[in-house]
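Below, each chain spelled out in residue letters.
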Amino acid sequence: MTEKIGVYVCHCGTNIAGTVDVAEVRDWAEKRLKGRGVVVARDYKFMCSSLGQELIEKDIKENELTRVVVAACSPHLHEQTFRTACKRGGLNPYLCELVSIREQVSWVHTDQEAATDKAKAVLSGGVERVQHHEPLEPLRVPIHPATLVVGGGIAGIQTALEIADAGKHVYLVERDPSIGGHMAQFDKTFPTLDCSACILTPKMVSAGTHPNITLLTWSEVEKVDGYVGNFVVTIRKKARCVNTELCTGCGICQEKCPKKVIDEIYEAGLGYRKAVYTPFPQAVPKYPVIDKPNCTYFLKGTCKACEKFCPTSAIDFNQEDELITVEVGNIVLATGYDLFDPRRIPHYGYGRLANVFTSLEFERLTNAAGPTNGSIVLRDGKTTPKAVGIVHCVGSRDRNYNNYCSAICCMQSLKFAHLVKERTGATVYNFYIDMRTAAKAYDEFYQRVLEEGTLFVRGRVAEVTDAARLPSEEGKLIIQVEDTLAGKQRRIPVDMVILSAGLQPRFDAKATAKLFGISCSADSWFIEKHPKLDPVATMTEGVFIAGCCAGPKDIPNSVAQGAAAAARVLAHIDEGEIMLEPVRATVIAEKCSGCRICNNLCPFNAILFHEDRMVSEVNAALCQGCGTCVAACPAGAITGTGFSNEQILSQIEGLLMLNIANGRRPVEIAEAVMA
């Protein structure tokens, strides 16, 4: 063998050593794989530690190693760690192979002898494979300094402001007429009970007036081309039918418009707006939009009251949608969440029983700018409730709907209990499964609500009904629940029921993920690169996520994640270029038949087709090295760097111990497999 290979086996504390006989694996590699190029084999308690890495560096220099194999944990976790150690030792980092004997061996076996034998086989495969590694260099891609932020909720606003304050340009795209998101609908925020508008509006104004932010509301992204550092994004700016250069935001058009429409979005169906409207008084930008499906002019060709009374002639019924193309280096998705629809749980009575409210409807009731000016009343608009039931976990922690916890429901319900007590003095019942108040000052808020006299019933509500059994239940809503602390069934009559609905992904989350080339979980939340070590990046370089699009979270966590995404983007911009993994697919033009099978299969849209030459070509900056095209090509015209046929077949040879059994070479094995 011409290569000098160093083998390093990690104990990983007891993660590996508790199941695998590490010393035996080391000795076996030193003796049995000596003929396959292994010149040194060592084991260490924690190979990823600084001492473990120094051990590798020292051996590379003293033993003149040309290849390194580390048997430890998943490459996804520490491959970069050991590549860096090799680089410091003077070896090309891509001549290092990391094989997993933790996730693939020790964690999935209980039989020590069998696990030890399997670890030997996995290590043997790594030794055979690494002999065919080639020295590689990272791809360098320049970064455009502008950034696209999609979503104008609190997470998107925070992201945009952080980047803009650093002197970089941001395009902030929001599909609604105004930025602000769900937070703009709230009255108070837990646990401090700050006025939501008071803390959000200054940020909205800053985003709307910042010289480094181009605000594109009433707009949606239609197409994304390019790759990290060089994205070309097409945005549809929908027609407001209002000339924003002439409009002063005086509101006369809204005042004179004769058409009233139920506001299903901002007022959650509890209030009305006009056919020409701004969503709320503090809207940014201040310009209204005309709701074409409900405008009398667009329906019947008559009216035009808004145009007649507009003092600046800003109304333009002929305005058309506009397509805008922008170039950006990075993209941050902060598209938020949708509220679970309680109609899906019919036994809770929402939509059937008048005085059952959703959490968002209650937020609007308590808001001073809401349809009741902050008065907590029943659907009749005047009756103050004497008893209120608040049901936690509606649509959350339920295998029939969403199995996950929505993170905000407990604190939201406690906030509601406080507001009802404060404004009506009513008796309040909170029906909960478990109380989850694990953040700064959250549990203290829970204790405060307890002291205020809120009554807590532990148990999942079975039914909300208006079917009375006793005279005292007449005209009431009855909450049927098993009180698990008291150990009995209870029927509790109340005047109002508030369903604390959970959070779920946006209705178009999967389509959005496809548009930007990222992935969704089984629940349709956007998937991060690593849930603990890289929670804002995605598997598509240059595309980041922030806020509730990645999973349920409260306002502080959304703001923190927005700032974290901004920091990652700014790091890219300040570097001027990004170094990409060189493991990419390549088309051998002479073998390509032009069938285009690979073009349709590539999940990253990284393959171009040249009509003039009738061959495909891989854009290395877009390619993520997944190998789909390599496997699909019927002509074998595509190769994957780091995953050549020779490398894979050699690894199979090592896994089957054929390299030790008869010393056959990989080419001979390939011929045997083909036969």
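Keep in mind that what you see is a predicted model, and the values were worked out from it rather than measured. (Residues numbered from 1 in each chain as written. Predicted model: local features only at pLDDT ≥ 70, side-chain atom pairs only at ≥ 80, totals over all residues. Heavy atoms only, no water.)

### Here we look at the overall build of the protein chain
1) Next: Each helix and strand counted, the protein chain has 19 helices and 34 strands in total.
2) Next: Summarising its shape, the C-alpha atoms of the protein chain cover approximately 90 × 70 × 45 Å along the three principal directions.
3) Next: Burial status across the protein chain gives 52% buried among its 675 residues.
4) Next: In the protein chain, of all internal contacts separated by at least 6 residues, the share reaching a separation of at least 24 is 69%.
5) Next: Carbon and sulfur atoms make up 51% of the accessible area of the protein chain, which amounts to about 30,400 Å² in all.
6) Next: Across the protein chain, 73 positive and 78 negative side-chain charges occur, with their mean positions spaced 4 Å apart. (Helix = DSSP H or I, 4+ residues; strand = E, 2+ residues; numbered from the N terminus. Buried < 20%, exposed > 50% of the residue type's maximum accessible area, 1.4 Å probe, protein only. Contact = heavy atoms within 4.5 Å. Areas by Shrake-Rupley, 256 points an atom, 1.4 Å probe, with all protein chains shown as cover. Lys, Arg positive; Asp, Glu negative; His and termini not counted. Charge placed at Lys NZ, Arg CZ, Asp CG, Glu CD.)

### A look at a nonpolar patch on the surface
1) Next: A contiguous nonpolar surface patch, about 430 Å² in accessible area, is contributed by Phe643, Ile648, Ile652, Leu655 and Leu656.
2) Next: When you line up the elements, Ile648 lands in helix α17 (residues 645-655). (Patch = residues over 30% accessible without salt bridge, like charges linked within 9 Å, V, L, I, M, F, W, Y side chains within 5 Å. Salt bridge = Lys/Arg side-chain N within 4 Å of Asp/Glu carboxyl O.)

### Quick look at the side chain of Ser100
1) Next: Inspection of the secondary structure assignment puts Ser100 in strand β4 (residues 96-100).
2) Next: Using a relative accessible area of 6% as the deciding quantity, one classes Ser100 as buried.
3) Next: A polar contact of 3.1 Å, which involves the side chain of Ser100, links it to the side chain of Glu103.
4) Next: With residues near it in sequence (within four places) discarded, Ser100 still touches Ala72, Cys73, Ser74, Pro75, Val105 and Val122. (Polar contact = N/O pair within 3.5 Å; in protein donor to acceptor, adjacent residues only side chain to side chain.)

### Considering the pairing of strand β33 (residues 615-618)
Where a strand is regular, its side chains alternate between the two sheet faces.
1) Next: Alignment of strand β32 (residues 607-610) against β33, held across four bridges, turns out to be antiparallel. Note on β33: the bridge partner recorded for Ile607 is Val618.
2) Next: Joining the antiparallel neighbours β32 and β33 is a turn of four residues, in which Met614 adopts a positive phi near 55°. (Pairing = 2+ DSSP bridges.)

### Considerations on the packing of helix α4 (residues 112-130) against α17
1) Next: Put simply, α4 and α17 touch, their axes get as near as 7 Å, and they point 145° apart. For the crossing formed where α4 meets α17, the hand is right-handed. The residues of α17 that touch α4, namely those facing Ala121, Val122, Ser124, Gly125, Glu128 and Arg129, are Gln647, Ile648, Ser650, Gln651, Glu653, Gly654 and Leu655. (Axes fitted to C-alpha atoms, helices over the stretch in contact; angles between N-to-C directions. Left-handed = near helix turned anticlockwise from the far one by under 90°.)

### Description of the packing of aromatic side chains
1) Next: Tallied over the entire structure, the rule returns eleven aromatic pairs.
2) Next: Arranged with centres 4.9 Å apart and planes meeting at 20°, the rings of Tyr266 and Phe280 form a pair that is stacked. Of this pair, Tyr266 sits in the loop between β13 (260-263) and β14 (271-274) while Phe280 sits in the loop between β15 (276-277) and β16 (289-290), placing them 14 residues apart in sequence. We note that Tyr266, like Phe280, is buried.
3) Next: When the ring of Tyr297 is compared with that of Phe298, the centres are 5.4 Å apart and the planes differ by 75°; the resulting orientation is edge-to-face.
4) Next: On the accessibility criterion, Phe298 (31% relative accessible area) is partly exposed.
5) Next: The rings of Tyr297, Phe298 and Phe317 are connected pair by pair, giving a single aromatic cluster.
6) Next: It is Arg379 that lies over the ring of Phe357; its NZ or CZ is 4.1 Å from the centre. (Phe/Tyr/Trp six-rings, centres within 6.5 Å; stacked < 30°, edge-to-face > 60°. Lys NZ or Arg CZ within 6 Å of the ring centre and 35° of its normal.)

### A word on the domain arrangement of the protein chain
Interfaces are often sized by the amount of accessible area the parts lose when they come together.
1) Next: Taken domain by domain, the protein chain consists of domain 1 (5-136 + 647-674), domain 2 (147-238 + 330-336 + 506-577), domain 3 (252-309), domain 4 (340-503) and domain 5 (583-639).
2) Next: Taking the mean C-alpha position of each, domain 4 and domain 5 sit 56 Å from one another. (Domains from an automatic or database assignment.)

### Let's talk about the pattern of salt bridges
1) Next: A full pass over the atoms with the stated rule returns 39 salt bridges.
2) Next: One salt bridge connects Glu97 with Arg129, and the closest N-O pair in it is separated by 3.4 Å. Residue Glu97 is located in strand β4, and its partner Arg129 is located in helix α4; the two are separated by 32 residues in the primary sequence. Arg129 carries the same exposure label as Glu97, and that label is buried.
3) Next: Taking the shortest distance from any N to any O, the salt bridge between Asp574 and Lys168 comes out at 3.9 Å. Here Lys168 lies in the loop between α5 (154-165) and β7 (170-173) and Asp574 lies in helix α14 (residues 555-575), a separation of 406 residues in the sequence.
4) Next: A relative accessible area of 57% places Asp574 in the exposed class.
5) Next: Among the ionic contacts, a cluster of salt bridges with common partners joins Arg175, Glu220, Lys238 and Asp508.

### Focus on the sheet that holds strand β21 (residues 387-394)
1) Next: An order of β20-β27-β21-β22-β23 is seen for the five strands of this open sheet, with the pairing classed as parallel. Among the strands making up the open sheet, the edge pair consists of β20 (356-358) and β23 (455-458). Each neighbouring strand pair of the sheet contributes to a mean axis angle of 20°, computed without reference to strand direction.
2) Next: Strands β20 and β27 (496-501) of the sheet are contacted by helix α10 (residues 359-366), whose axis makes an angle of about 90° with β20.
3) Next: Where helix α11 (residues 409-424) meets the sheet, its contacts fall on β21, β22 (427-432), β23 and β27, and the angle it forms with β21 comes to roughly 170°.

### Describing α17
1) Next: Listing the buried residues of α17 in full gives Gln647, Leu649, Ser650, Glu653 and Gly654.
2) Next: One or two positions beyond α17, positive phi appears at Met657, with a value near 65°.

### Describing the nonpolar core
One broad rule of soluble globular proteins: the nonpolar side chains tend to lie buried together.
1) Next: Val7, Ile56, Val68 and Leu123 are the most contacted members of the largest nonpolar core, which has 40 residues in total.
2) Next: Apart from residues no more than four positions distant in its own chain, Val7 is found in contact with Ala29, Val38, Val40, Ala41, Arg42, Val69, Leu123 and Val127. (Core = buried A, V, L, I, M, F, W, Y, C linked by side-chain atoms within 4.5 Å.)

### With respect to the sheet that holds strand β11 (residues 219-227)
1) Next: Taken together, the three strands give an open sheet; going across it, the order is β11-β12-β17, and neighbouring strands pair in antiparallel fashion. Each edge of the open sheet is held by one strand with a lone partner, namely β11 and β17 (322-328). Within the sheet, the average angular offset between the axes of one strand and its neighbour, ignoring direction, is 20°.
2) Next: Note: strand β12 (residues 230-237) against β17, seven bridges, orientation antiparallel. Looking at β17, one finds that Arg236 is bridged to Leu323.

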